[in-house]
Amino acid sequence: TTDGSKIMKCKLLIGVFDLPARAMATNMVQFNGYYGCLFCLDQGIHRYNRHLYLPTELHIERTMSIMQKLAQEAVTKGIVVKGVKGESVLSAYIDIVVRILIDYMHCVLLGVVKQLLEMWLDSANHSKKYYIAPSQANAINQFLSNIKPPDNFRIKPRSLNDRAHWKASEYRAWLLYYSLPVLIKTLPGNYVHHYALLVCSMHVLLNDVITVEGLRFSQRALNAFYKLLPTLYGEISCSANMHALIHLPKCVARFGPLWAFSMFGQESFHSELKRRIHGTRNVL
């Protein structure tokens, strides 16, 4: 301007939230309510004192036009319509179905991976085929203690007994690098193969280079992982985070690898991008 001041214009491109914050930002019900998924119209069921999203063949994806119609109906009738309470404050700026993304940290690491570990190690599941007994857990802890990761792995492996204090980056290291070698000797083969679908998919979706073939593979693998959950772990395992896995490849197809829109603190987009620009590919 003439007085020397500068006018800066900002444009909102994407939004990344944990589940409670996302519900508020989109003016929808929480993840533990009917139609709590932002990306599809799966209703879910309330069972075992929690809300579950069982795999279904009748899978209808939401669009912005659908969300606008539902919001208008909700306001007109004064009720919640298929999870929508009314217009989102963000709808004036972005397509909330396309540009509000799934946070890899909360959904996968602190959600799915943590949930699986708790199911494997919970003594209440001692009669289940996937149960990891204390003696087996001790063997895993010994294995972890003997691992000497490269110097650029800033966090060394900690015991499963300390998992209540694990950070997201520790769950990430467990998922991507440590878990499969130890679980091959611990879990039944069908459970290992099932878990490998998740691990391989995350490696593909975290890669710097995203290919059409990789996206197709990860989508098929995550669909299979999700579909097999009730058979292997029971209906109670079908949490909102497990359900969200099937929507991850589409987020990556639109906006690039998962690390680019994760809510890590020090492992933020900028620090991750800086490391990769300087040639350090290690995601830890």
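Residues numbered from 1 in each chain as written. Predicted model: local features only at pLDDT ≥ 70, side-chain atom pairs only at ≥ 80, totals over all residues. Heavy atoms only, no water.

## Description of the overall build of the protein chain
Counting its regular elements, the protein chain contains 11 helices and 4 strands. Its C-alpha radius of gyration of 21 Å places the protein chain within 12% of the 19 Å reference for a compact globule of 284 residues. In terms of overall dimensions, the protein chain has C-alpha extents of about 65 × 55 × 35 Å along its principal axes. Residues counted as buried form 48% of the 284 residues belonging to the protein chain. Of the contacts formed within the protein chain by residues at least 6 apart in sequence, a portion of 61% connects residues at least 24 apart. As displayed, the protein chain has an accessible area near 15000 Å², and 57% of this comes from carbon and sulfur atoms. Side-chain charges in the protein chain split into 32 positive and 19 negative, and the spacing between the mean points of these groups amounts to 2 Å. (Helix = DSSP H or I, 4+ residues; strand = E, 2+ residues; numbered from the N terminus. Rg over C-alpha atoms; globule rule 2.2 N^0.38 Å. Buried < 20%, exposed > 50% of the residue type's maximum accessible area, 1.4 Å probe, protein only. Contact = heavy atoms within 4.5 Å. Areas by Shrake-Rupley, 256 points an atom, 1.4 Å probe, with all protein chains shown as cover. Lys, Arg positive; Asp, Glu negative; His and termini not counted. Charge placed at Lys NZ, Arg CZ, Asp CG, Glu CD.)

## Describing the nonpolar core
If you look at the biggest cluster of nonpolar residues, it comprises 80 residues, and the most contacted ones within it are Val108, Leu116, Trp120, Trp174, Leu175, Leu198 and Met202. Looking at which element gives the most residues to this core, the answer is helix α4 (residues 104-121), with 12 residues. Apart from residues lying up to four places away in sequence, Trp120 is in contact with Tyr130, Tyr131, Ile132, Trp174, Leu183, Leu187, Tyr195 and Tyr233. (Core = buried A, V, L, I, M, F, W, Y, C linked by side-chain atoms within 4.5 Å.)

## Considerations on helix α8 (residues 212-233)
In this model, α8 (22 residues) spans 31 Å end to end at C-alpha, consistent with the 32 Å of a helix rising 1.5 Å per residue. The principal kink in α8, of about 30 degrees, is found at Lys227, preceding the proline Pro230 by one to four residues. What α8 keeps buried is the set Gly214, Leu215, Ser218, Ala221, Leu222, Phe225, Tyr226, Leu229, Leu232 and Tyr233. Considering only its buried residues, α8 is in contact with α4, α7 (189-205), α9 (240-244) and α10 (248-255). Backbone geometry just after α8 places Gly234 at a positive phi near 90 degrees. (Expected span 1.5 Å × (residues − 1). Bend = angle between axes of the 7 residues up to and from the residue.)

## A word on the packing of helix α6 (residues 168-183) against α7
Packing of α6 against α7 brings their axes to within 10 Å, and their N-to-C directions diverge by 155 degrees. Considered as vectors, α6 and α7 are oriented roughly antiparallel to each other. Here α6 runs over α7; the crossing is left-handed. Every residue of α7 that contacts α6 at Trp174, Leu175, Leu176, Tyr177, Ser179, Leu180 and Leu183 is listed here: Val192, Tyr195, Ala196, Leu198, Val199, Met202 and His203. Of the residues contributing to the contact of α6 with α7, the split by class is 12 nonpolar, 2 polar and no charged. (Axes fitted to C-alpha atoms, helices over the stretch in contact; angles between N-to-C directions. Parallel < 35°, antiparallel > 145°, perpendicular 65-115°, else oblique. Left-handed = near helix turned anticlockwise from the far one by under 90°. Nonpolar A, V, L, I, M, F, W, Y, C, P; charged D, E, K, R; others polar.)

## What about α7?
Taking 1.5 Å as the rise per residue, α7 with 17 residues should run 24 Å; its terminal C-alpha atoms sit 24 Å apart, in good agreement. Residues of α7 that are buried include every one of Tyr191, Val192, His194, Tyr195, Ala196, Leu198, Val199, Ser201, Met202 and Leu205, and no others. Residues of α7 that are buried sit in contact with α4, α6, α8 and α10.

## As for the environment of Trp174
Examined against the element boundaries, Trp174 turns out to sit in helix α6. For the pair formed by Trp174 and Ala92, sequence separation is 82 residues and the distance between their alpha carbons is 40 Å. Those residues in contact with Trp174 that lie beyond four places of it in its chain are Val113, Leu117, Trp120, Ile140, Leu144, Leu160, Trp166, Ser179, Val182, Leu183 and Tyr195.

## Focus on the pattern of salt bridges
Inspection of the entire model under this criterion finds 6 salt bridges. Between Glu61 and Lys250 there is a salt bridge, with the nearest N and O atoms lying 2.8 Å from each other. Linking Glu61 in the loop between β3 (50-52) and α2 (64-77) with Lys250 in helix α10, this pair joins segments that are 189 residues apart in sequence. According to the relative accessible area criterion, Lys250 is partly exposed, its value standing at 35%. (Salt bridge = Lys/Arg side-chain N within 4 Å of Asp/Glu carboxyl O.)

## Brief notes about the packing of aromatic side chains
Counting across every chain of the model gives 6 aromatic pairs. On the basis of an interplanar angle of 55 degrees and a centroid distance of 5.9 Å, the ring pair of Tyr130 and Tyr191 is categorised as tilted. Taken together, the residues Tyr130 in the loop between α4 and α5 (134-146) and Tyr191 in helix α7 connect sequence positions 61 residues apart. No difference in accessibility class separates Tyr130 from Tyr191, as the two residues are buried. (Phe/Tyr/Trp six-rings, centres within 6.5 Å; stacked < 30°, edge-to-face > 60°.)

## Thoughts on the environment of Tyr226
Topologically, Tyr226 is positioned in helix α8. In this structure the C-alpha to C-alpha distance between Tyr226 and Cys238, which are 12 residues apart in sequence, comes to 7.8 Å. Apart from the residues within four sequence positions on either side, Tyr226 is in contact with Tyr53, Leu54, Pro55, Met242, His243 and Ile246.

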